[in-house]
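Okay, here's what each chain looks like letter by letter:
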Amino acid sequence: MKTARTNLPANFQNCSLSISQGLINQFADLAGDYNPIHMDAVFAKKSSLGKIIAHGSLSMGLIWNSAEKSLLGKWLKGASLEVRFRLPAYLGDDIISGGVLRSDCQSYDVWVNNQHGDHVIKGIFYIRSDVLGEN
Amino acid sequence: MTSGKIEQQSCDLGDVERWTFDRFISGSLIGSTLIELSPEMIRLWKLIYGSEHLKDGMPRGLAQVIIMSAYTRAVKPRPPGNLHIGQYIKMHSVPKVGEQMSCEVVCVDKFKKKGMSIVIFEVDVAMMSTNALLFTGRLTISWAG
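Source: prediction; values computed, not measured. (Residues numbered from 1 in each chain as written. Chains lettered and ligands numbered in written order. Predicted model: local features only at pLDDT ≥ 70, side-chain atom pairs only at ≥ 80, totals over all residues. Heavy atoms only, no water.)

Asks: Please clarify how the layout of surface pockets should be interpreted in this entry.
Replies: To locate leftover empty space, one rolls a probe as large as a water molecule over the atoms. Its volume calculated, the largest pocket comes out at about 570 Å³. Along the wall of the largest pocket there are 32 residues; nearest its centre are A:I53, B:N82, B:L83, B:H84 and B:I85. Listed by contribution, the elements that provide at least two residues to the lining of the largest pocket are α2 (36-39), α4 (56-71), β2 (80-85) and β5 (119-126) of chain A together with α3 (62-74) and β2 (83-91) of chain B. Looking at the lining of the largest pocket residue by residue, the class counts come to 19 nonpolar, nine polar and four charged. (1 Å grid on protein atoms, 1.4 Å probe; cavity = no way out; pocket = protein on both sides within 12 Å on 5 of 7 lines; lining within 4 Å. Points joined across faces, edges and corners; volume = space filled by probe spheres on them. Helix = DSSP H or I, 4+ residues; strand = E, 2+ residues; numbered from the N terminus. Nonpolar A, V, L, I, M, F, W, Y, C, P; charged D, E, K, R; others polar.)

Written as structure tokens, this is what we have:
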């Protein structure tokens with residue numbers, strides 16, 4: 001469904017990932033972030049979180065993926081994304097991203113949820129107002 | 001992937017002493033580094049997230065990876081157990097594959113809140129060749145030490 005005012009889709013397409021150690025390791029190689037909270041089960045067990053968690057940026061990447069899938073490269077010029085990491089995504093979790101167009105018709109409420117429906121990430125994806133007319 | 005000279009400037013300070021909350025000074029430049037948008041980065045991104053919907057060039061989400069990479073290179077050594085609790089990214093433009101990017105990491109604020117030691121970093125990523133700003137990131141980190 002498209003909105004009449006801007007032709008933006010009303011919803012972002014969902015994207016999902018299953019958090020495996022292999023996936024975390026790939027993301028660590030990509031980002032160069034080998035924090036033991038992501039890599040070392042013994043360290044993670046002793047931490048306040050109790051077990052291995054995925055990088056926050058790994059989960060956040062799903063939102064960008066949803067945005068790119070939904071907006072097909074349009075409206076991304078000058079876009080911005082602001083998020084809070086609400087819960088860790090633990091090893092073994094299944095996470096899914098989504099978004100809903102807000103009433104201003106130029107930004108989306110976005111999130112990443114875990115398999116329990118809890119928010120792992122919550123935020124707002126902004127589209128620059130002056131590019132709305134270009135698409 | 002990095003310029004030895006600029007990366008060395010970051011390492012000189014970081015390798016000597018681990019970054020603690022007390023050492024950060026609001027408004028101070030922490031370090032600079034160069035990152036190249038390599039085909040390998042794009043390959044890994046597509047391996048993790050899929051590629052069927054992506055056009056040629058940089059997936060937009062790689063901006064946050066580049067910002068995180070700049071942060072992890074410039075702010076080191078870090079205490080184990082830091083938690084990334086918030087992030088803001090503003091896209092200005094997208095680099096081409098093979099483009100060198102100049103990344104500057106600044107500590108913009110630090111404070112204590114609800115028993116946590118919070119440090120906020122801003123990362124500006126610019127095209128090396130023209131100095132044009134590509135993207136800006138702001139990372140909120142709960143500092144462990």
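Next comes the rest of the account.
Asks: Mind showing me how you'd approach the interface of chain B and chain A here?
Replies: Interfaces are frequently sized by the accessible area removed from exposure as the parts join. Contact with chain B, which involves 35 residues of that partner, is made by 35 residues of chain A. Where chain B abuts chain A, roughly 3000 Å² becomes buried across the two surfaces, and 57% of that area is made up of carbon and sulfur atoms. Summed over the three residues of chain B that lose the most area to chain A, namely B:I48, B:Y49 and B:R60, the buried surface amounts to 21% of that side. On the surface where chain B and chain A come into contact, there are two salt bridges. Among the salt bridges present, the one from A:E68 reaches B:R60, with a minimum N-O distance of 3.7 Å. Seen at the junction of chain B and chain A, the total is 13 residue pairs in polar contact (both at pLDDT 80 or more). Looking at the side of chain B that touches chain A, the elements that each hand over two or more residues are α2 (39-49), α3, β2 and β5 (133-143) of chain B. For the side of chain B that touches chain A, the leading source of residues is β2(B), giving nine residues. (Contact = heavy atoms within 4.5 Å. Buried area = accessible area lost by both parts, 1.4 Å probe. Salt bridge = Lys/Arg side-chain N within 4 Å of Asp/Glu carboxyl O. Polar contact = N/O pair within 3.5 Å; in protein donor to acceptor, adjacent residues only side chain to side chain.)

Asks: Would you take a moment to explain the packing of aromatic side chains for this structure?
Replies: Aromatic rings considered in pairs are described by the distance between their centres and by the relative angle of their planes. Residues and elements named next belong to chain B. Scanning the entire structure with this criterion turns up nine aromatic pairs over all chains. Centroid distance F24 to F121: 5.3 Å. Interplanar angle 80°. Geometry classified as edge-to-face. Residue F24 is located in the loop between α1 (4-14) and β1 (28-36), and its partner F121 is located in strand β4 (residues 116-127); the two are separated by 97 residues in the primary sequence. A relative accessible area of 0% means that F121 is categorised as buried. Sitting over the face of the ring of W19, R23 holds its NZ or CZ atom 4.0 Å from the ring centroid. Geometry around F21 places K110 over its ring, the cationic atom sitting 4.8 Å from the centre. (Phe/Tyr/Trp six-rings, centres within 6.5 Å; stacked < 30°, edge-to-face > 60°. Buried < 20%, exposed > 50% of the residue type's maximum accessible area, 1.4 Å probe, protein only. Lys NZ or Arg CZ within 6 Å of the ring centre and 35° of its normal.)

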